[in-house]
Amino acid sequence: MRIDLISLFPEFVAQCAGFGVVGRAQERGLLSIHGWNPRDYAEGNYRRVDDRPFGGGPGMVMMIDPLRAAIRAARAADPAPARLIYLSPQGRPLTQSIVRELAGRERLLLLCGRYEGVDERLVAGEVDEELSIGDYVLSGGELAAAVVIDAVARLQDGVLNDADSAAQDSFEADGLLDCPHYTRPVEHALGAVPEVLLSGNHAEIARWRRRQSLLRTRERRPDLLAAAGLGPEERRWLDAQPDD
Ligand SMILES: c1cc(-c2cnc[nH]2)ccn1
C-alpha cells in the first residue's frame, strides 16, 4: 500500500509510523509513506499557507492554493488513483469496518489540516471523504492520520506475525471488546491467574475468553453487542446473573 500525506508536518507522521509493526511493514516494502508539505508550494517571500478567516474570529485558516498544489503533486507521483481523505472532527467516525475497507485500497491520500481548518472550497472541490477519530479537537489532523495508517497497516498481508495477530482479535474478529490477558507469575499480590487459563483445555479457554469479551462488552460498550451476531449459548451467558 502507498500512503501520501499532505501535511505541514509530514515528518511528524513519518516518525509515528516508524516504530513496531508499521515500521517493519515499511522496511519490508509492504507499505510506503510519502509526505507532501503545502509550504513547499506556497508563493511569496513568506511562503504563506494560512490567513485570517473572513467574517473575523480567532485563529487562521489554511489557504486553498498551497494545499491544492501539494495534492496535485502527490497524485502525480504515482499512477494509482486514490480518494482524498480529510482528517477532521466533522468526518465520519472511524470504525474497524471502515479500516478494513481502507486497508483494501491500493493507495490512500490523507489530508491533515492545522489551525482552524481548511478553506471550505478546498474541502468541497478536492476532498472525497472526511474521517474523524473521535469527538474532540486536536492541534491538527496528523495524529488522526497516524491512527489511520497504523490501523490499515496492520491489515496488510504479511504485516502481522502470529504473535502480533493475537492483538488484532477483538474488534477485527468479532467487534467485541477484548478479553482480559494474564502472564507470569501465576500468583501475585495483585491476584492470581484464572484457573481455566492454566488448565490446558483449549476449548474451555476459548469459551472463557469469549464469555469475558461478551460480559466486558455488555458492561462497557453495550452499543457494540447489537452487531455482534451472538449465538444461543452467548445469549444465555448474557441473560445469566453476572457471577454465574
Ligand atoms: C480527526 C481529526 C481531528 C482534528 C483535526 N484538526 C483538529 N482536530 C480530530 C478528530 N479526528
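Reading the values: the criteria
Every chain begins its residue count from 1, and numbering advances along the sequence as written. Per-residue local features are limited, in this predicted model, to residues with pLDDT of at least 70; the limit for side-chain atom pairs, both in listing and counting, is 80 or more; totals at the level of whole chains, interfaces and linings are taken over all residues. Side-chain numbers come from the whole structure's heavy atoms, not from hydrogens or water. Here a strand is any run of E in DSSP of at least two residues, a helix any run of H or I of at least four, and the numbering for each starts at the N terminus. Think of it in three bands: with a 1.4 Å probe and only protein chains considered, a residue is buried below 20% of the maximum accessible area for its type, exposed above 50%, and partly exposed in between. Any two residues whose heavy atoms approach within 4.5 Å at even a single point are treated as in contact. Polar contacts, as counted here, are pairs of nitrogen or oxygen atoms within 3.5 Å of one another; within protein the pair requires one atom able to donate a hydrogen and one able to accept it, and residues that are adjacent in sequence qualify only if both atoms are side-chain atoms. Patch rule: a residue counts if its relative accessible area is over 30% and it has no salt bridge; like charges are joined within 9 Å, and nonpolar side chains (Val, Leu, Ile, Met, Phe, Trp, Tyr) within 5 Å. Accessible surface area values rest on a Shrake-Rupley calculation with a 1.4 Å probe, where residue burial reflects the displayed protein chains alone. Salt bridges are defined by distance alone: a side-chain nitrogen of Lys or Arg within 4 Å of a carboxyl oxygen of Asp or Glu. UniProt positions are given in the numbering used here, feature names are shortened, and annotations may be inferred rather than shown by experiment. Axis angles are defined between N-to-C directions and span 0 to 180 degrees, where every axis is a line fitted to C-alpha atoms and, for a helix, only to the segment in contact. Angles below 35 degrees are treated as roughly parallel, those above 145 as roughly antiparallel, those between 65 and 115 as roughly perpendicular, and all remaining angles as oblique. For this classification, Asp, Glu, Lys and Arg are treated as charged, while Ala, Val, Leu, Ile, Met, Phe, Trp, Tyr, Cys and Pro are nonpolar and the rest, including Gly, are polar. An expected span of 1.5 Å times one less than the residue number is assigned to each helix. Nearness here has a simple test: a residue counts as near a molecule or strand if at least one of its heavy atoms is within 4 Å of that partner.

Undergrad: Could you give an account of the environment of leucine 5, with specific residues and numbers?
TA: Within the secondary structure layout, leucine 5 lies in strand β1 (residues 2-6). For leucine 5, a relative accessible area of 0% puts it in the buried group. When the C-alpha atoms of leucine 5 and alanine 146 are compared, they prove to be 10.0 Å apart, with 141 residues separating the residues in sequence. What leucine 5 contacts, discounting residues up to four positions off in sequence, is Pro10, Val13, His34, Gly35, Trp36, Leu110, Cys112, Ala145 and Ile149.

Undergrad: For unusual backbone geometry, give the residues involved together with the corresponding values.
TA: At the junction of arginine 184 and proline 185, the peptide bond is cis and its omega measures out at 5 degrees in the coordinates. Looking at the element boundaries, proline 185 is found in the loop between α8 (169-174) and β8 (187-188). For arginine 47, which is not glycine, the phi torsion reads 45 degrees and is therefore positive. Inspection of the secondary structure puts arginine 47 in the loop between β2 (32-36) and β3 (50-51). Note on arginine 47: relative accessible area 38%, which makes it partly exposed. In this structure, tyrosine 115 is a non-glycine residue whose phi angle is positive, near 60 degrees. Position of tyrosine 115 among the secondary structure elements: in the loop between β6 (107-112) and α5 (120-126).

Undergrad: Provide a residue-level description of the side chain of serine 7, including the pertinent values.
TA: With respect to the secondary-structure elements, serine 7 resides in the loop between β1 and α1 (10-16). Classification of serine 7 as buried rests on a relative accessible area of 0%. Polar side-chain contacts of serine 7 include one of 2.6 Å to the side chain of glutamate 142. In contact with serine 7, other than residues within four places in its own chain, are Trp36, Asn37, Pro38, Cys112 and Glu142.

Undergrad: Tell me what's going on with a nonpolar patch on the surface, and back it up with residues and numbers.
TA: There is a patch of nonpolar side chains on the surface, built from Phe9, Phe12, Tyr136, Leu138 and Leu143 and spanning about 430 Å² of accessible area. Judged by relative accessible area, which is 36%, phenylalanine 9 ranks as partly exposed.

Undergrad: Requested: an account of the side chain of serine 88, with residues and values cited.
TA: Within the secondary structure, serine 88 sits in strand β5 (residues 84-93). Using a relative accessible area of 5% as the deciding quantity, one classes serine 88 as buried. Side-chain polar atoms of serine 88 contact the backbone nitrogen of glutamine 90, separated by 3.0 Å. Non-local contacts of serine 88, meaning those with residues more than four positions away in its chain, are made with Glu130, Leu131 and Ser132.

Undergrad: Explain the UniProt feature "binding site: S-adenosyl-L-methionine" (unreviewed entry) in the protein to me, and be specific about the residues and the numbers.
TA: When the UniProt feature table is mapped onto this chain numbering, "binding site: S-adenosyl-L-methionine" (unreviewed entry) sits at Gly113, Ile133, Gly134, Asp135, Tyr136, Val137 and Leu138. Considering the arrangement of structural elements, one finds glycine 113 in the loop between β6 and α5. On the accessibility criterion, glycine 113 (7% relative accessible area) is buried. Aside from chain neighbours lying at most four places away, what touches glycine 113 is Met62, Tyr86, Val118, Gly140, Gly141 and Glu142.

Undergrad: Any details on the packing of helix α4 (residues 96-103) against helix α6 (residues 142-153)? Residues and values, ideally.
TA: In the contact formed by α4 and α6, the axes pass within 9 Å of each other and the chain directions differ by 75 degrees. Considering their axes alone, α4 and α6 lie roughly perpendicular with respect to each other. Counted together, Val99, Leu102 and Ala103 of α4 and Val148, Ala151 and Val152 of α6 form the full contact between these two elements. Residues of the contact of α4 with α6, tallied by class, amount to six nonpolar, no polar and no charged.

Undergrad: Break down α6 for me, citing the residues and quoting the values.
TA: Compared with the 16 Å implied by 1.5 Å per residue over 12 residues, the 16 Å span of α6 between its first and last C-alpha is a close match. Counting buried residues in α6 gives nine out of 12 residues, a clear majority hidden from the surface. Looking only at α6, the buried set comprises Glu142, Ala144, Ala145, Ala146, Val148, Ile149, Ala151, Val152 and Ala153.

Undergrad: Could you give me a rundown of the pattern of salt bridges, with the residues and numbers involved?
TA: Throughout the structure, instances matching the rule amount to 18 salt bridges. Measuring nitrogen to oxygen at the nearest pair gives 2.8 Å for the salt bridge that ties aspartate 223 to arginine 221. Residue classification places arginine 221 among the partly exposed residues on the basis of a relative accessible area of 33%. Because the salt bridges share partners, they merge into one network encompassing Arg83, Arg92, Glu101, Arg105 and Glu129.

Undergrad: An account of the site of the ligand is requested, with residue identities and associated values reported.
TA: Neighbouring the ligand are 13 residues; Ser132, Ile133, Tyr136, Leu138 and Gly140 lie closest to it. In this structure, a nitrogen atom belonging to the ligand sits 2.9 Å away from a main-chain N or O atom of leucine 138. If you list the elements that add at least two residues to the shell around the ligand, you get β5 and β7 (129-132). Split by residue class, the shell around the ligand holds eight nonpolar, five polar and no charged.

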